[in-house]
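Residue-level listing of the chains:
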Amino acid sequence: MTATVRAGTIETNGSRRSATDSSKERRRSARARREGLAALLFLLPDSLGLLIFVFIPMVIAIVLGFFRLDGFGNISFVGFGNYIRMAQDPQFLQSAGITALYLVILVPAIFVVGLLLALLVQQRIPFIGVIRSALFAPYVISLVVVGLMWQFMLADKVGVVNQFLSAFGVHGISWLGDPHYTLGTVVVISIWFQMGYYMIIFLSGLQDIPAELYESARIDGAGAWQRFWNITWPMLRPTSLFVFVTATIAVITGGFDLIYILTGGGPAGTTSLLIFYIYQQAFLYGEYGYAAAIGSVLVLVLLIWSAFMFRITKGGRIDDE
Amino acid sequence: MTSDIATRTTTGSTLHDGARPAAPRRKPGREKKWTKKSTTLFVVGVVIAIVTIFPLAYMVLSSFKTEADIYGTSLLPPHWTFENYVYVFTQVPFARYMFNSFFVSAFVTVVALLFHSMAAYALARLRFKGRETVFLIMFSTLLVSLPVVLIPEFEVVRLLGMLDSYWGLIVPSLFSAFGIFLLRQFYISLPDELEEAALIDGAGYWRIYWNVILPLFRPVLAALAVFFFLANWNSFVWPLTITSNPDLRVVQVGISTFHQQYASSESYIVAASTVAAIPTLLLFFFFQRQITESIKTSGFK
């Protein structure tokens, strides 16, 4: 699951601490032990699980990044060797470049498409519920099926997309085989798949904007465009930031299934996103240490990115009002 | 929600009735009207919706086409056939794959929901030392995405002897801070008095959690349950990595290996894809509200 969490609507001190009169204080200390024990028991399954299956693997990944494993069980300490290797590995650099490009194209595209669809389905239109459902439907399909489905539709010459295009005089584009088109194809499919999710997020943000604002703007004679720039856009800032952060994380860490099925990283590595390259290195070439090092870099980048966004959004809360 | 906005809009405009020449008045209640503007937007919406839904419809319809017709130009199958489905269910253990997916997804959904809601309860309602620290550490694990820790997680599962087993499919999938985070946000919103009263009545913390807190959040839990089920039904990388026994293949892995073996028989692959997609589409059809709610709340509560 993607980390769909608005960077830090964390309330550090719940409202519970507000009431501190002395009698309550005494009663509290009497049951503090019991409460602490209860908390321990309630937290036990999840903390244990997160520790074993997320935290420890995380630490192992970082440690593993300093070793070289050759697939025959031989381990040797290489220090920053894997990191130095990264800087000299043309395939890694290509992969990083592609990931950056993919990010730079896909995130704004998702943002714009999601917002436009939300603005559309927010309108009072007959049968809008049905339209909204149709736009959201792709999101529930697994990426494996999405990949197979598009592969079927994009088949060279015989696929429905090329047959349709040939009616307009465009012939025989190899959407998944020609290095010029592959990344673009993956981007379009990703938009198609994710747009419903971001549409819902934006829609929810739009619905939180008080209708009175629009009404008074209308009375003041503001056109649709002015209303958008002066009301919708500024009021949507928290939502926009949320979408921006989550989409970035989702784009970097997701997409593996799709690439695995659709292109296998090819042709000529043009769709080999970092997340796919890591998998290749580990499970195809047995380069666990190297793969772990790349993974560590990725997590570090995400961590810095999230901390940065957390900072500038002041913990996810923007107090415009 | 739309009607709410509609009524507010109407009252807003009546206030300024005298000041402006009457703008087209909207009646409260059903506001689906065929004005020029709404008709234009309707057409735009329908076109986009059809383009969006086309791949799905095309896949489903193609699954009823014969091998010879599969790349034909007609949208509807010229010769309807169930042969692809018969093949998928008789020659390939697709029923087994479906069962595996269902079993794993249902198990994970129920247990994860219980564990996450327990942890969230402790983090939101109980006072103990280091509560914020525990929460922040759990929260930070949200940044760790599966493919990045795939190798070490694989090693951990191997050490625990859960490789190539249902345990390996289920147990690691149970733990994600996402549910904890979300539920905590809800639980924190409740007033203290609720528990104070229960505590005075002598109820233990489990009773409060089970009989007071959980029933209040049934809709949230339902939304999250649907979301979890969907995510687990669609998961691919993890089952692919830790299972090799064909009997343990979940639908997504089954269909991917099927695809590798039968790359040329497109009609079978289309039918198999449809089979894998139908449960999610049905889930979407019946629980659309819960799914969209869970998405909204994940971002906004």
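Placed above this text is the structure.
Keep in mind it's a predicted model, so treat the numbers as computed, not measured. Residues take numbers from 1 onward in each chain, read along the sequence in its written order. Throughout, the order in which chains and ligands are written sets their labels, letters from A for the former and numbers from 1 for the latter. Per-residue local features of the predicted model are confined to residues with pLDDT of at least 70, and side-chain atom pairs are confined, for both listing and counting, to 80 or more; whole-chain, interface and lining totals are unaffected and use all residues. Only heavy atoms go into the side-chain values, all of them from the structure, while hydrogens and water stay out.

1. A look at the overall build of chain A
For step 1, the next point in the chain: Helical segments are the DSSP runs of H or I of at least four residues, strand segments are the runs of E of at least two, and each set is numbered from the N terminus. Secondary structure assignment for chain A yields 13 helices and 2 strands.
For step 2, the next point in the chain: A 1.4 Å probe rolled over the protein chains alone gives each residue an accessible area, and that area as a share of the maximum for its type sets the label: buried under 20%, exposed over 50%, partly exposed in between. Burial analysis of chain A (321 residues in total) assigns 55% to the buried set.
For step 3, the next point in the chain: For this analysis, residues touch if any pair of their heavy atoms sits within 4.5 Å. A sequence separation of at least 24 residues applies to 67% of the contacts in chain A between residues at least 6 apart.

2. Focus: the overall build of chain B
For step 1, the next point in the chain: A count of helices and strands for chain B gives 14 helices and 0 strands.
For step 2, the next point in the chain: Mapped from its N terminus to its C terminus, chain B presents α and β elements in the order α-α-α-α-α-α-α-α-α-α-α-α-α-α.
For step 3, the next point in the chain: Taken over 301 residues, chain B has a buried fraction of 55%.
For step 4, the next point in the chain: Counting only contacts in chain B whose residues sit at least 6 apart along the sequence, the fraction spanning at least 24 positions is 70%.
For step 5, the next point in the chain: Residue-level accessible areas treat just the shown protein chains as cover; the underlying method is Shrake-Rupley with a 1.4 Å probe. As displayed, chain B has an accessible area near 13900 Å², and 67% of this comes from carbon and sulfur atoms.

3. Topic: the nonpolar core
For step 1, the next point in the chain: What we call a nonpolar core is a set of buried Ala, Val, Leu, Ile, Met, Phe, Trp, Tyr and Cys residues that are connected through their side-chain atoms within 4.5 Å. The biggest cluster of nonpolar side chains holds 201 residues, and the ones touching the most others in it are F42, V146 and W150 of chain A together with Y121, L126, Y187 and I295 of chain B.
For step 2, the next point in the chain: For this core, the element with the highest residue contribution is helix α7 (residues 182–207) of chain A, accounting for 16 residues.
For step 3, the next point in the chain: Among residues more than four places away in sequence, those in contact with V146 of chain A are I141, I189, W192, F193 and L258 of chain A.

4. Observations regarding the packing of α7 of chain A against helix α10 (residues 237–253) of chain A
Residues and elements named next belong to chain A.
For step 1, the next point in the chain: Helix axes use the C-alpha atoms of the stretch in contact, all axes being lines fitted to C-alpha atoms, and the angles between their N-to-C directions lie in the range 0 to 180 degrees. Orientation of α7 relative to α10, taken along the N-to-C sense of each, is 165 degrees, at an axis distance of 10 Å. If you check the angle between α7 and α10, you find them roughly antiparallel. Crossing angle aside, the handedness with which α7 passes α10 is right-handed. On α10, the residues that touch Y198, I201, F202 and G205 of α7 are T239, S240, F242, V243, T246, A247 and A250.
For step 2, the next point in the chain: Here the nonpolar group is Ala, Val, Leu, Ile, Met, Phe, Trp, Tyr, Cys and Pro; Asp, Glu, Lys and Arg are the charged ones; every other residue, Gly included, is treated as polar. Here the contact of α7 with α10 is built from residues that sort into 7 nonpolar, 4 polar and no charged. The cut-offs work like this: below 35 degrees is roughly parallel, past 145 is roughly antiparallel, 65 to 115 is roughly perpendicular, and the gaps in between are oblique. If you view the pair so one helix is near and one far, a crossing is left-handed when the near helix is turned anticlockwise from the far one by less than a right angle, and right-handed when it is turned clockwise.

5. Digging into the pattern of salt bridges
Residues and elements named next belong to chain A.
For step 1, the next point in the chain: For this analysis, a salt bridge means a side-chain nitrogen from Lys or Arg found within 4 Å of a carboxyl oxygen belonging to Asp or Glu. All chains considered together, the criterion is met by 5 salt bridges over all chains.
For step 2, the next point in the chain: Put simply, R68 and E287 hold a salt bridge, and the shortest N to O gap is 3.8 Å. Here the residue R68 occupies a position in strand β1 (residues 67–69), and E287 occupies one in the loop between α12 (274–284) and α13 (288–312), the gap between them amounting to 219 residues.

6. Quick notes on unusual backbone geometry
Most of the time, phi is negative for any residue but glycine, and the peptide bond is trans.
For step 1, the next point in the chain: Going from G266 of chain A to P267 of chain A, the amide bond is cis rather than trans, its omega being -10 degrees.
For step 2, the next point in the chain: Within the fold, P267 of chain A resides in the loop between α11 (256–262) and α12.
For step 3, the next point in the chain: Even without a glycine there, the phi angle at A268 of chain A is positive, about 55 degrees.
For step 4, the next point in the chain: Its place among the elements puts A268 of chain A in the loop between α11 and α12.
For step 5, the next point in the chain: For D164 of chain B, which is not glycine, the phi torsion reads 55 degrees and is therefore positive.
For step 6, the next point in the chain: Looking at where D164 of chain B falls in the secondary structure, it is placed in the loop between α6 (146–159) and α7 (166–170).

7. Things to note about helix α5 (residues 131–140) of chain B
For step 1, the next point in the chain: For α5 of chain B, the full list of buried residues reads R131, E132, F135, M138 and F139 of chain B. Buried residues along α5 of chain B cover an arc of 130 degrees about the axis, so they all sit on one side. As used here, the arc is the angular range of directions from the helix axis to the C-beta atoms.

8. Some remarks on the packing of helix α9 (residues 193–200) of chain B against helix α10 (residues 205–216) of chain B
Residues and elements named next belong to chain B.
For step 1, the next point in the chain: Close contact between α9 and α10 brings their axes to 10 Å; oriented N to C, the two are set at 140 degrees. It follows from the interaxial angle that α9 and α10 lie oblique. Considering the relative orientation of α9 and α10, their crossing is right-handed. When α9 is examined against α10, the residues L194, E195, A198 and L199 are found in contact with a partner set consisting of Y205, I208, V212, I213 and L216.
For step 2, the next point in the chain: Looking at the contact of α9 with α10 residue by residue, the classes come out as 8 nonpolar, no polar and 1 charged.

9. Here we look at the interface of chain B and chain A
For step 1, the next point in the chain: Counting from both sides, the interface comprises 122 residues of chain B and, opposite them, 106 residues of chain A.
For step 2, the next point in the chain: With both chains or domains summed, chain B and chain A bury close to 10500 Å², and 73% of this area falls on carbon and sulfur atoms.
For step 3, the next point in the chain: At the surface where chain B touches chain A, the tally comes to 0 salt bridges.
For step 4, the next point in the chain: By the criterion applied in these results, polar contacts are pairs of N or O atoms within 3.5 Å in which, for protein atoms, one can donate a hydrogen and the other can accept it, and in which residues neighboring in sequence qualify only through two side-chain atoms. At the junction of chain B and chain A, the tally comes to 9 residue pairs in polar contact (both at pLDDT 80 or more).
For step 5, the next point in the chain: Residue composition of the side of chain B that touches chain A, by class: 75 nonpolar, 28 polar and 19 charged. Each of two parts loses accessible area, computed with a 1.4 Å probe, when they are put together; buried area is these two losses added.

10. Let's talk about the environment of S256 of chain B
For step 1, the next point in the chain: Within the element layout of this structure, S256 of chain B appears in helix α13 (residues 251–261).
For step 2, the next point in the chain: As for S256 of chain B and F236 of chain B, which are separated by 20 residues in sequence, their C-alpha atoms are 9.2 Å apart.
For step 3, the next point in the chain: Among residues more than four places away in sequence, those in contact with S256 of chain B are V144, Y260 and I261 of chain A together with F236 of chain B.

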